[in-house]
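As a plain string of letters, each chain reads:
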Amino acid sequence: MKITMIGTGYVGLVTGTCLAEVGNDVVCLDVDARKIDVLRSGGVPIHEPGLEPMIRRNVAAGRLVFTTDVDAAVGHGAVQFIAVGTPPGEDGSADMQYVLQAARNIGRRMVEWTLVVDKSTVPVGTADRVREAIAAELAARGVDVPFAVASNPEFLKEGAAIDDFMRPDRVVVGADDERAIATLRAIYAPFQRSHERLLVMDLRSAELTKYAANAMLATRISFMNELANLADRLGADIEAVRRGIGSDPRIGWHFLYPGAGYGGSCFPKDVKALRHTAGRHGMPLRILAAVEDVNEAQKEVLVDKIVAEFGADLTGRRFALWGLAFKPDTDDMREAPSRTVIASLLRRGASVCAWDPVAIGEARRAFGELPGLDYASNPLDACAGADALVVVTEWKEFRSPDFASLRRLLKEPVIFDGRNLYEPAAVREAGLRYHAIGRR
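Residues numbered from 1 in each chain as written. Predicted model: local features only at pLDDT ≥ 70, side-chain atom pairs only at ≥ 80, totals over all residues. Heavy atoms only, no water.

Counting its secondary structure elements, the protein chain contains 18 helices and 14 strands. In terms of overall dimensions, the protein chain is globule-like: its C-alpha atoms have a radius of gyration of 24 Å, near the 22 Å expected for 440 residues. Principal-axis analysis of the C-alpha atoms places the extent of the protein chain at approximately 75 × 45 × 45 Å. Taking all 440 residues of the protein chain together, the buried fraction comes to 53%. (Helix = DSSP H or I, 4+ residues; strand = E, 2+ residues; numbered from the N terminus. Rg over C-alpha atoms; globule rule 2.2 N^0.38 Å. Buried < 20%, exposed > 50% of the residue type's maximum accessible area, 1.4 Å probe, protein only.)

Turning next to the side chain of Asn24. Assignment of secondary structure puts Asn24 in the loop between α1 (10-21) and β2 (25-29). Among the polar contacts listed, one links the side chain of Asn24 to the backbone nitrogen of Met1, at a separation of 3.3 Å. Only 2.9 Å separates the side chain of Asn24 from the backbone oxygen of Leu19, close enough to count as a polar contact. If we skip the residues at most four places from it in the chain, Asn24 touches Met1, Ile3, Leu19 and Arg63. (Polar contact = N/O pair within 3.5 Å; in protein donor to acceptor, adjacent residues only side chain to side chain. Contact = heavy atoms within 4.5 Å.)

As a further point, take the packing of helix α5 (residues 97-109) against helix α6 (residues 126-141). Interaxial distance between α5 and α6 falls to 8 Å at its minimum, and their mutual angle equals 35°. For α5 against α6, the interelement crossing comes out right-handed. Contacts between α5 and α6 involve Val99, Leu100, Ala103, Arg104, Gly107, Arg108 and Arg109 on the former and, on the latter, Thr126, Arg129, Val130, Ala133, Ile134, Glu137, Leu138 and Arg141. Looking at the contact of α5 with α6, its residues break down into seven nonpolar, two polar and six charged. (Axes fitted to C-alpha atoms, helices over the stretch in contact; angles between N-to-C directions. Left-handed = near helix turned anticlockwise from the far one by under 90°. Nonpolar A, V, L, I, M, F, W, Y, C, P; charged D, E, K, R; others polar.)

Even without being a glycine, Asp329 presents a positive backbone phi close to 65°. Within the fold, Asp329 resides in the loop between β9 (318-322) and α14 (337-347). You can call Asp329 partly exposed: its relative accessible area is 30%.

What the six strands build is an open sheet, ordered β11-β10-β9-β12-β13-β14; its pairing is parallel. Whereas interior strands pair on both sides, the edge strands pair on one side only; in this sheet they are β11 (373-375) and β14 (433-435). Going across the sheet, the axis of each strand differs from the next one's by a mean of 20°, ignoring polarity. Together, β9, β12 (388-391), β13 (414-417) and β14 form the strand contacts of helix α13 (residues 301-310), whose direction differs from that of β13 by roughly 155°. (Pairing = 2+ DSSP bridges.)

What follows covers the pairing of β13. Taking every second residue as pointing to the same face, both faces of β13 are buried, with Val414 and Phe416 on one and Ile415 and Asp417 on the other. The sheet contact formed by β13 and β14 spans three bridges and is parallel. Following the sheet pairing, Ile415 is matched in β14 by Tyr434. Crossover handedness for the path β13 to helix α18 (residues 424-429) to β14: right-handed. (Right-handed = clockwise from strand over helix to strand, strands pointing away.)

On to the pattern of salt bridges, then. All told, the structure shown has 31 salt bridges when counted by the stated rule. The residue Arg108 makes a salt bridge to Glu137 at a minimum N-O spacing of 3.2 Å. Separated by 29 residues along the polypeptide, Arg108 in helix α5 and Glu137 in helix α6 bring together distant segments of the chain. Overall, Arg108 belongs to the partly exposed group, its relative accessible area being 39%. Given a relative accessible area of 15%, Glu137 falls into the buried group. Its salt-bridge partner being Arg433, residue Glu412 comes within 3.2 Å of it at the nearest N-O pair. On the criterion of sequence distance, the pair formed by Glu412 in the loop between α17 (403-409) and β13 and Arg433 in strand β14 is long-range, its members being 21 residues apart. Note on Glu412: relative accessible area 24%, which makes it partly exposed. Here the salt bridges share partners, and the residues they tie into one network are Glu309, Arg317, Asp387, Glu412 and Arg433. (Salt bridge = Lys/Arg side-chain N within 4 Å of Asp/Glu carboxyl O.)

Below, the structure is given as structure tokens:
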């Protein structure tokens, strides 16, 4: 099938590449000429395990093409996926200008039946706005070209996006047009051979499903963080509590890990956007307001523990920091807890030497030339002469460190663990003081 993917950000690039992988003829369009040049030259502008070789394989096979030519892109596919950014506005609302511009570009050029699929995370009611934008362009041209609009939200986890797309647990389709539903069923047939995963619903329900899913996951994280902070006060062990509640099948094990707060491009933005939508309809979502408040406070918990250990004035102190990306297996620094931790430490007079396996380049762009912040060449190099180690991201390579080497390298034998990676008894046995999240 001939498919056009509008937008080569995280969602568009992964989706377009995976669709090409199963034999579709995919054209990926982006107005950012620099990004398209990188992709055409064999580079990948994001870090996602497994994506680069898949792109190269499908480009070489002729199934995946990158372009800035809007005319060629709209003329290529009978199915046009819109996967452009919807950045948050100051009021928390999703900025829809790029989605609607993509819709207008399609309406100005389409000449035969076209299925327009909203892949971007968009507010409820966006499909109606996309349909109106296309209809207005067709009316301005004085032509009557049939088309359908569908919602097909993505549920990709950064760091595991290829596997999520190739082996989905569900494919949500919002549509009111039988031909559109049949077309999307055909597109996703290769990804659900063992059993049916397609969930067909009305457009507004599909749009709300995406926001509801991310809001639920963010809620679980903030809930566990609140419990972990309470466990600290009560002298309980949140890890034991996690096992106790996770073993209940009504609750399950996923997203029950306390830590330094959530970040990234999805949870913060989507929680804000859902709250904004609800507020506009006179129904404030009080639980999500608390979820946001808890998360912002949680990003400071590590610094609070550092202050309790060393005092409020950290002038002259130097801290090693492991983990810059908001989660492992990505270089995404958006809303990352490390940004809050670093800013707070520097504000108190400390300096920071940071290490991350893939996100240092992105961190340099995010922070710029920030006095007091430098970057190490490896994890142990960051610790040499530091007053303490601060763990912010749960990269696999951080899970089994040489505690004897850490004790030798650190000026003060202290670890602040924002992801509860280590067993407290083992760390203390190695002669290090250990401060985790809710672990006594």
